[in-house]
Each structure stands twice: as structure tokens, then as C-alpha cells.
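# An overview of the molecular structure
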Amino acid sequence: MSSMSSVAGLSKYITTLPKTKYSILGMIIISFIMGGLYYLIDFIPYGILGDIIYGGIFGLMVFGFTSIMSGALNQQTISGLNGINLKIKHSMFLSALSMTFLCLVIVVGGIISRITGWDLFLNSLLFGCVMIYGFNTLVFWATSKVRFTIAAGAGLIQPLLILAMYTLIAFLGADASFIGPVIFQITVKAIIAGIIFVLAIYAFIKVIASPFKKNLGIGVLDLLSLFIAHMNEGSNSLEGLFENMSEAIDTVVTFISFKTEEGIKALFISPSVHPGPLGDLGGSNMPTILANKFNHFTMVAHGPSTHDFNPIAVSEIDKIEETVKKGLKKVTYSPSASRFVRYNSENANIGVQFFNEGMVILSTFAPEAVDDIEFGVGLTMMAQSRSRCAVKDSVIVDCHNSFAPESGEVLPGNSEVFDLIDVIDKINPDQNKDSIKIGCWQNDMPDLDKQEGVGESGIKTMIIEVDNQRTAYVLFDSNNMEIGFRQEIMDAVKDLDIDEIEVMTTDTHTVNTISRGYNPIGIAKRQRIIEYVRESIQEALKDLEKVEVGTGTEKIRNLNTFGPNNSTELISTISSVVAVSKIIAPVLLITALLIVFMWIFFGGL
């Protein structure tokens, strides 16, 4: 598993929050139930029905209504102070979560009160309010791109409303002289406890933010806030942050062009640029965006590249487009191609086909699970195959069609590299050439989406017929393929009028934004996907017509990417912060909680 892919996998922790109305309804129900439960547990002599009714009304007034109010006020406050991400849905859910935790603290305090005979309600209320104050402050500061002071101020809204409502009810239900000591006790204890807890949170964030600022020159909270904005709203503001750590590289794009008398019929492009990091950021949707820049059927396969070669902005894809279009002007065409031939060595399997002055190598390690082929390895494959087969262009494709969670990249020094070198040495360069026909078909697969690992472009199929041999090139707009599914597809189309088939994925990272994190095609709805494959082959067969073919190789210059140095730095920084946080967070926050607990419950006043 690649390091950058490990970070992309963190997206599985992003989840969809309930609608506003459900959060509000939840606060009403939970506060009523918890209030009634507390009255049943504590020494309040109203009888069972009276405890439920009066306790429910008390809980609804003190916890429910105030939390609903805070949900609205929090959103208005953060938005009014130029914060981001906190929509009314998010604010209401945060208030509901905080209120539920506070109610649980109150109920636990009630149980302890019943056992010991001590009245712990006020102390439990204060302790719970301090906890939700710290939690709200942390959420606002970490996700809304506001200053700490603004987050700390906004975090006060819910606990202050709850304490104010309780004080009002206590005033109405007791002698007026009672209100003075109550306010004094609540105020002093709450201020000191709140300061202690929120300073612990401040210290924790500063500790984990330091490595990001020092190593990468970016703020960890800016990174987190803009990442959430992308996940929630599709905002690409995070790309601006990436620019501060980008690295310009030179890489290559190879392609095969098929044309009829009317012009280009189809393009098969393999850029050594990685479609990441995730969502719609950078080059994540490159296979679709690049294909849509051409006015004819275009397949954008996965060239040899890793997350080091993720474009930092969508606009960088324009450079690939310009490079391909420049190369197309140089292409020479002829109606000359060879049959599709497979070769293997150890775990490396390749499918080879010659087109005019070039060739394509479809590389896979299936049924073994392997992730991206590194750019340097791909360059070696290009140089070796061009030399052995005396061709001008070698289009290397990483089929990316066999995934398992432990999949690793093919890097220099890995045994897989030598398997690839050995298998290329087995290629027979003296293949007979014949005329060529191709047929194309594409389908967006509208009833499947990211939940099933299917990106925007769905499925694209090209049938290539040479010397009465028909080969299906099937490309899914997906991020890899569940291990074993490739063979299942190949077995399912044996009865169709084709002789060979290879199944590939684009490695699009747009499908990595859902709860599963990793999302290879084939996890769900396999039979429906196979039906699409069969349909695409049958339709492409109907589209067969004679073409001429040409190939090209062009260098993409000054492509702004994460780069190998910054990519490694980002991963190592995140890894170190996670490791440190596992130690510091419990020590710092639990220590602060213990101090707050001792102060509230045993601090006098």
C-alpha cells in the first residue's frame, strides 16, 4: 500500500451528517427522555408519571431548547466572522452531540447521587458544560478556519445558554436569596475550569501544528479546514495550499491515434501522471477531464506513475492536453498492426500489440495484488521495449486491475521490476502486420456510482481487429479492481465474438471520497458490472471499421505536482503527528479533565 494512498484512505472517516430536522427532533426527544430519567433516578418525589413529565419538561427546557438555539447561533456566529464549513446541518448536529454527552454526564451524576446521598447535579452540570465547551471550541477551531479566540468565544454559546436557563429555572423555583450564591458558584467554577480545559486543547493543537509549519510551511488547521470544505462542498481552495509545496517536474505522455477518412476516430492515451490525490482535487478526475478535451472517443489509461506525480491543480491537466495535441500533429499513419500476444515471467503478465511504428504493453500482476508502477520503472520498460522491438514509441499501461489492502507500489529494487524486465525480453519483435479495424463504445453506467467504485466516465471499450483476431480493451473509470474480479469478467465474456480481452482501470481518485476510503470496482454489484462489459463489447463490435493508426511520445514540461520530496515530507509529517498525538492527546487531555473534575467536585466554594 502506498504512503500517499494511506493518507487518501483517511477519507473513510468522513461521513454524511443527518438533516437539520432530524438533529432538532433528536434534541427534543433525547432531552425529554434524559430529563425524565434523571428525575426517576434522583430524589424528586413526584411519582413515576410526575417524574417523567416534570423531568422531561425540565430536560427539554434546560438542555433541548437551549441546544437548538445554540445550533442556530453557532452557525450565524462562525459564518458572520468569515468561518467556513459550518452549515446549519453541521451546527445542529454538533449541538445535538454535545447535548447528548452532557445529558449522559447528568444521568451518571444522578446515579451516583442516588447511591451516595450527595446532591451532585450542579457539579455534574458544570463538568458537562466545561467538556462540551472544550469540544465545541476544538471543532470550531479545527474545521472552520477561524482564530482560536473566535472559536473559544463561539464555544461558550451552548454551555452559557444551558447554565443561564438552569439559573432562571432555579430562581423561579426557589427563594430569591438562592440566586446569588448559585450565580457566584457557577461563574467562578465554570471560568476556572473552562480556562484549564481550553488551554490544554490549545497546547495540544500547537504541538501537532508545529511540524506542519516547520516542514511544509502550511498550517495543519488550514489543511484540515480546506479538506473538509472540499469534502462537503467540492471547494478546490485546498489546491492553493498545495501550491506552497508543489514541485515542477518533466514527465511523458504516450498515445495511439486511430483515424478514418473523416479524421480521428479514437485516441488511447497513457500519461505518466497520477490521477490523485482524492475527490476532485488536483488530477483526481484527470481521466475524465482529459478525455473530454477531445472531440472523439478517448480512453485515458493509467500510465506508470505514483502519488508523487499528482498534479496540484485541475488546471495542470491543460498541459497534458496541449502536449498530446502538439504530438498529434507529428503522427504518421498507416493501416498496419499486429495481433495481440500475451507474455509472462514469474508474476508479471503483459499483453503486447504493435501499431505502425509503435507498440502498446498492457502490464498487470493479476492475480497478484500490486499498486502503482513507479515512473522510473515505467521509463525503463519504455526504453527496453523500444530497443528490443526497434519501435519509435512504446505505450506502457499499468492495467491497475488487482487490488488488496496490502497492495504495494512497484518501486526500483522490488522483485516485480525484474519480472517486468524479464518478460519484456520475451517479446517477439517480428510480428506479422496486417490491416486494422476498430470499434468503440462507452457508457456512463448511470445506475452505478462512487458507492460501487465507478467514476464519471463509467466504462469505455475498444475492439481492435487484426488478422481476424478481435481484442477487447475494456477500461473502467475506477480506482483499481477487487482482486479476482478481472478473471471473473474474462470468464464471463468467453461466449462473445472476441478472442482476447484485457480489463483496465483509470485509477481515478474521485471515488475515494466516500466512507469506504478505498473503493476498487468489484466490491459490490459484480453481476451488473459484468452486464455492462458484455453490452459494451457487443456494441463496440457493431462499430468496427477500417482505420489507420499512428503512435506518439511527448514530454510534458513543468507540470506542477506534489513531487517526490514534498510527497514524502507530507506523509512522514502526517505519520509523525499521528504517532505523537496518540501519546500526547491522552496525557494532556486526560490530565486536564482530572484537574477540572477535582476542581469542580472537590474545589469548595
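None of the values given here were measured: they were computed from a predicted structure. (Residues numbered from 1 in each chain as written. Predicted model: local features only at pLDDT ≥ 70, side-chain atom pairs only at ≥ 80, totals over all residues. Heavy atoms only, no water.)

Time to look at the overall build of the protein. Assigned secondary structure in the protein consists of 17 helices and 12 strands. Across its three principal directions, the C-alpha atoms of the protein cover 105 × 50 × 40 Å. A burial count over the protein gives 56% of its 605 residues as buried. At a minimum sequence separation of 6, the contacts of the protein that also span at least 24 residues come to 79%. Per element, the accessible surface of the protein, about 24,600 Å² overall, is 59% carbon and sulfur. Charge separation in the protein, taken as the distance between the mean sites of 43 positive and 59 negative side-chain charges, equals 4 Å. (Helix = DSSP H or I, 4+ residues; strand = E, 2+ residues; numbered from the N terminus. Buried < 20%, exposed > 50% of the residue type's maximum accessible area, 1.4 Å probe, protein only. Contact = heavy atoms within 4.5 Å. Areas by Shrake-Rupley, 256 points an atom, 1.4 Å probe, with all protein chains shown as cover. Lys, Arg positive; Asp, Glu negative; His and termini not counted. Charge placed at Lys NZ, Arg CZ, Asp CG, Glu CD.)

This part takes up empty space enclosed by the protein. Tallied over the entire structure, the rule returns 4 cavities of 30 Å³ or more. If you add up the space inside the largest cavity, you get close to 70 Å³. Residue lining of the largest cavity: 13 residues in total, with Thr364, Phe365, Val370, Asp398 and His400 positioned closest to the centre. Class assignment of the residues belonging to the lining of the largest cavity gives a composition of 5 nonpolar, 5 polar and 3 charged. (1 Å grid on protein atoms, 1.4 Å probe; cavity = no way out; pocket = protein on both sides within 12 Å on 5 of 7 lines; lining within 4 Å. Points joined across faces, edges and corners; volume = space filled by probe spheres on them. Nonpolar A, V, L, I, M, F, W, Y, C, P; charged D, E, K, R; others polar.)

Let's shift gears to the confidence of the model for the protein. Taken over all residues, the pLDDT of the protein has a mean of 88, while the share at 70 or more is 91%. Low pLDDT, under 50, characterises residues 1-10; the predicted model gives this stretch 28 contacts beyond four residues in sequence or across chains. (pLDDT = per-residue confidence, 0-100.)

Summed over all chains, the structure comprises 17 aromatic pairs. Seen from their ring centres, Trp141 and Tyr202 are 5.6 Å apart, and the 5° between their planes marks the pair as stacked. Taken together, the residues Trp141 in helix H5 (residues 121-143) and Tyr202 in helix H8 (residues 179-216) connect sequence positions 61 residues apart. For Tyr202, a relative accessible area of 31% corresponds to the partly exposed category. Through pairs of rings, three or more aromatic residues link up here, namely Tyr38, Tyr39, Phe58, Phe63, Phe121 and Tyr166. In this structure, Lys325 packs its charged tip against the face of Phe294, placed 5.5 Å from the ring centre. Cation over ring: Arg528 sits above Tyr532, and NZ or CZ is 4.1 Å from the ring centre. (Phe/Tyr/Trp six-rings, centres within 6.5 Å; stacked < 30°, edge-to-face > 60°. Lys NZ or Arg CZ within 6 Å of the ring centre and 35° of its normal.)

The subject of this paragraph is the state of the cysteines. Each disulfide consists of a covalent bond between the sulfur atoms of two cysteine residues. Evaluated as defined, the whole model comprises 0 disulfides. No disulfide involves Cys129; its sulfur sits 10 Å from the nearest other cysteine sulfur, which is in Cys103. Counting only cysteine sulfurs, Cys399 is the nearest neighbor of Cys389, a cysteine outside any disulfide, at a range of 17 Å. (Disulfide = S-S within 2.5 Å.)

So, about the sheet that holds strand S11 (residues 500-505). Strand order across the open sheet formed by 8 strands is S3-S2-S1-S12-S8-S9-S10-S11, with mixed pairing between neighbours. Each edge of the sheet is formed by a strand with only one pairing partner; in this case those strands are strand S3 (297-300) and S11. On average, each strand axis in the sheet is tilted by 20° relative to the strand beside it, whichever way the strands run. Packed onto the sheet, helix H15 (residues 485-492) meets strand S10 (469-476) and S11 and runs at close to 145° relative to S11. (Pairing = 2+ DSSP bridges. Axes fitted to C-alpha atoms, helices over the stretch in contact; angles between N-to-C directions.)

With that settled, the discussion passes to the sheet that holds strand S4 (residues 341-345). Ordered by their spatial adjacency, 4 strands build an open sheet running S4-S5-S6-S7, and the pairing between neighbours is mixed. The strands lining the two open edges of the sheet, one partner per strand, are S4 and strand S7 (393-398). The average angle at which neighbouring strand axes cross in this sheet is 25°, direction not considered.

With that settled, consider unusual backbone geometry. Cis geometry marks the peptide bond from Gly276 to Pro277, where omega comes out at 15°. Following the sequence through the fold, Pro277 ends up in the loop between strand S2 (263-271) and helix H11 (286-291). Of note, the bond from Ala366 into Pro367 is cis; its omega dihedral lies within 30 degrees of zero at 10°. Along the chain, Pro367 turns up in the loop between strand S6 (358-364) and helix H13 (375-389). Of note, Asp507 is a non-glycine position whose phi angle comes to about 70°, a positive value. Classification of Asp507 by relative accessible area gives buried; the value is 0%.

On to the packing of helix H3 (residues 47-80) against helix H4 (residues 88-116). Direction vectors running N to C along H3 and H4 enclose 145°, while the axes themselves pass 8 Å from each other. Crossing angle aside, the handedness with which H3 passes H4 is right-handed. Together, Phe63, Gly64, Ser67, Ile68, Ser70, Gly71, Ala72, Asn74 and Gln75 of H3 and Ile88, Ser91, Met92, Ser95, Met99, Leu102, Cys103 and Ile106 of H4 make up the contact between the two elements. Of the residues that constitute the contact of H3 with H4, the class distribution is 9 nonpolar, 8 polar and no charged. (Left-handed = near helix turned anticlockwise from the far one by under 90°.)

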